[in-house]
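Results of the structural survey
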Amino acid sequence: MSNESNKNSSEIYRQERKERLAKAAEKKEKKNISSNKKFKKNAVGISISVVAIVLITTFFLNFFGVPKRMQTALITSNGTKISVAEYEYYYRYFMTMHHNTSAQYEAQYGQYYGAGAGLMMTGYDANKTPENQKYTIDKLDEKKYGKEPTWADFFENSALESCYVNRSLATESKKAGFKIEADDKKEINDYIEEIRGVATENDYSLDAYLRQNFGKGMNEKLLRDLFETQFLAQKFLDKNQDDLEKKITDDVILKHYEKNINDYNVCDLRIFNLSSNSQIASEEDEKETSKEELEAKTKAESNKVKENAQKMFDAVSNEETFISSAYTYANETSKESYKEDDATLMKNVKIADLEENISKDAAQWVYNNERANGDKKLFTEENQDGSVSCSVVYVIKTPYRDDTLQPVDVRHILIAFNDNSEEGQQAEVTPELEAKKLKEAEALLEKWKSADATEKSFAELAKKKSDDSGSAQEGGLISDITKDSNYVKPFIDWCYEDARKVGDTGIVKSTYGYHIMYCSSISDKTGWQNDIASSIVKEKFEKFFDDFAEKEEKNIKTKDKTLAKVRKSMEKVAGKMIANA
């Protein structure tokens, strides 16, 4: 009998159990090995997902400009951190402003002055990036930017100054008790809504449009913050300027006048100008006319002009003979205008006006202490092209201090005559059209009077209804109007009617249309007193600002590597502006 058959049932059970446990253990081990491999595989998958999420998050953070809003470009004297986004905003502002202005002048005047008109008139070449053109308009810190700074240096310097000056001024403004008022918030909101409207028209969200035009770090929240900072800074500057104005007493003004009499005195003159034109040949003329012949024509014309100027000068003995002689020797194209007595009359002429419009010699002659009423003189200037400019000057009243001019500020709403016809042509100004426009003006004035009739509501009405684009956005305001201001006569006459007072309204007709007038203020000082006060305040205010900026600059800390990166990126932006022009 075998040993197997001699085992009892207990032993057989234990043996079977042992074998089952061994098999179970083996199976579990295999399962553990398999599970470990699966875990490692999943762990690799999880790692890849985490990296992808980090990359995607980083992309979106960069796309929405988060790093630029968090990264510091500089720190102000009081510890305020200025972000890269804010610094780039100002850099872009100055760069875009100069580029667009230069490009605009190039387009507008290039046809007259040739290529480079934009550079000639602004100093900035819109066809070059900032790093590739020297900045020669003013001096920059030589230690920082070297002897030959570039426009990129200027933009960097301007952006930095805007950052730390605005933030520091805003801090001082808050200390002085200023805050953002409801009107300020409305103005800021109106501007942002205007940008939002432009963004919508171009299928952008507001923030997407801001990133596109003001840098990746810009969004609505930051833009509002920047505007509020600028508003607070301006409040503090306005307070400083008001304080300076209060210190300008009549005695201070008089002392300044006595030291600079000729700068503020005026004179009354009659002036008549004659000039020759250089003979510029067209392409067809060049084939038949030589350079020598052209020069001869120019010389002959110039001699004729000088001869006529001398004849007129000899004929003048008083105002009457000056007026008649001006008509006699005027060019045929302008002769009719010299029938008017005031065609040659120049009142309240300053020495600076003579220097600019005639010559320094004429200004010095008129403002010489030996000058007397009735004096006359002929001034002749020969130009490089052979042409001449002659001016006959007759003194009606020698330089004097005019105590009668009191500058007036008015608001006006222009209801213009320039209606267009259905064909798009300007309509003829007929009596019917005038009557229609007068009715519009009267109705608008009555509508204003029937409401609260305040200057503020008049200004709001001007913004909406005035056809004068030059003043409408300022609420129709035209400041510092004097009797010799360059405005149409009916406009000036209304301002200086006897008994004119603040708050007066009226309707004035001019060649442009009907002006609804509102007298905003009448100065209690004469023109020369206002000029002196403005000059002194301007000088002191500029010193205050320069001293403030210089003090702040000494205590700022810049992140130079960060600024260099922004500068490099702005070169790319400038390159795109040039390419898209």
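Our structure is the block above this text.
Residues numbered from 1 in each chain as written. Predicted model: local features only at pLDDT ≥ 70, side-chain atom pairs only at ≥ 80, totals over all residues. Heavy atoms only, no water.

Notes on the sheet that holds strand S11 (residues 557–558)
The pairing of strands in a sheet happens through backbone hydrogen bonds and is either parallel or antiparallel. Heads up, the condition is: Strands are treated as partners if at least two bridges between them are detected by DSSP. By the criteria applied, helices consist of DSSP H or I runs no shorter than four residues and strands consist of E runs no shorter than two, each listed in order from the N terminus. Residues count as neighbours in contact if any of their non-hydrogen atoms are within 4.5 Å of one another. Comment: axis = line fitted to C-alpha atoms, over the contacting stretch for helices; angle = value between 0 and 180 degrees taken between N-to-C directions.
Read across the sheet, three strands follow the order S2-S1-S11 without closing on themselves; strand pairing throughout is antiparallel. At either margin of the open sheet sits one strand with a lone partner, and together these are strand S2 (81–83) and S11. Each of strand S1 (72–75) and S2 is contacted by helix H4 (residues 84–113), which is oriented at about 65 degrees to S2, the strand it contacts most.

A word on the packing of helix H7 (residues 151–175) against helix H10 (residues 220–246)
Here is the rule: For any pair of crossing helices, the crossing counts as left-handed if the nearer helix is rotated counterclockwise from the farther one by less than a right angle, and right-handed if it is rotated clockwise. Here the term charged refers only to Asp, Glu, Lys and Arg, the term nonpolar to Ala, Val, Leu, Ile, Met, Phe, Trp, Tyr, Cys and Pro, and the term polar to all other amino acids, Gly among them.
Contact pair H7 / H10: the axes reach a minimum separation of 7 Å and the direction vectors enclose 65 degrees. Considering the relative orientation of H7 and H10, their crossing is left-handed. On H10, the residues touching Asn 166, Arg 167, Leu 169, Ala 170, Glu 172, Ser 173 and Lys 174 of H7 are Asp 225, Leu 226, Thr 229, Gln 230, Leu 232, Ala 233, Lys 235, Phe 236 and Leu 237. Residue composition of the contact of H7 with H10, by class: seven nonpolar, four polar and five charged.

Description of the side chain of Thr 562
This is how the line gets drawn: Throughout, exposure labels follow a simple rule: accessible area from a 1.4 Å probe, protein chains only, divided by the maximum for the residue type, with under 20% read as buried, over 50% as exposed, and the rest as partly exposed.
As for its position among the elements, Thr 562 is in helix H23 (residues 560–579). A relative accessible area of 12% means that Thr 562 is categorised as buried. Among residues more than four places away in sequence, those in contact with Thr 562 are Gln 71, Thr 72, Ala 73 and Val 84.

Points about the pairing of strand S6 (residues 388–400)
Regular strands have side chains that alternate between both faces of the sheet. Pairing analysis gives nine bridges linking strand S3 (residues 266–275) to S6, with the strands arranged antiparallel. Opposite Asp 268, over in S6, you have Lys 397 as the bridge partner. Pairing analysis gives seven bridges linking strand S5 (residues 376–382) to S6, with the strands arranged antiparallel. Counterpart to Leu 378 in the pairing with S6 is Val 392. Where S5 hands over to S6, the hairpin turn is made up of five residues, of which Gly 386 adopts a positive phi near 95 degrees.

Details of unusual backbone geometry
A positive phi angle is found at Asp 203, which is not glycine, with a value near 60 degrees. Judged by its relative accessible area of 74%, Asp 203 is exposed. Even without being glycine, Asn 348 reaches a positive phi, approximately 55 degrees. Mapped onto the elements, Asn 348 comes out in strand S4 (residues 345–349).

Points about the pairing of strand S7 (residues 408–416)
Summarising burial for S7: nine of the nine residues are buried, a large majority. Relative to strand S8 (residues 477–481), S7 runs antiparallel, the two being bridged by three bridges. When the sheet's bridge partners are listed, Val 408 is paired in S8 with Ile 481.

Describing the pattern of salt bridges
Here is the rule we go by: The term salt bridge refers to a side-chain nitrogen of Lys or Arg lying within 4 Å of a carboxyl oxygen of Asp or Glu.
By the definition in use, this model includes 30 salt bridges. Here Arg 567 makes a salt bridge to Glu 156, at a shortest N to O gap of 2.8 Å. Placement of the pair is Arg 567 in helix H23 and Glu 156 in helix H7, with a sequence separation of 411 residues. The pair formed by Arg 567 and Glu 156 is uniform in burial state, with each residue classed as buried. Asp 403 is paired through a salt bridge with Arg 401; the nearest N and O atoms lie 3.2 Å apart. Salt bridges here are not isolated pairs; linked through shared partners, they connect Glu 131, Asp 153, Glu 156 and Arg 567.

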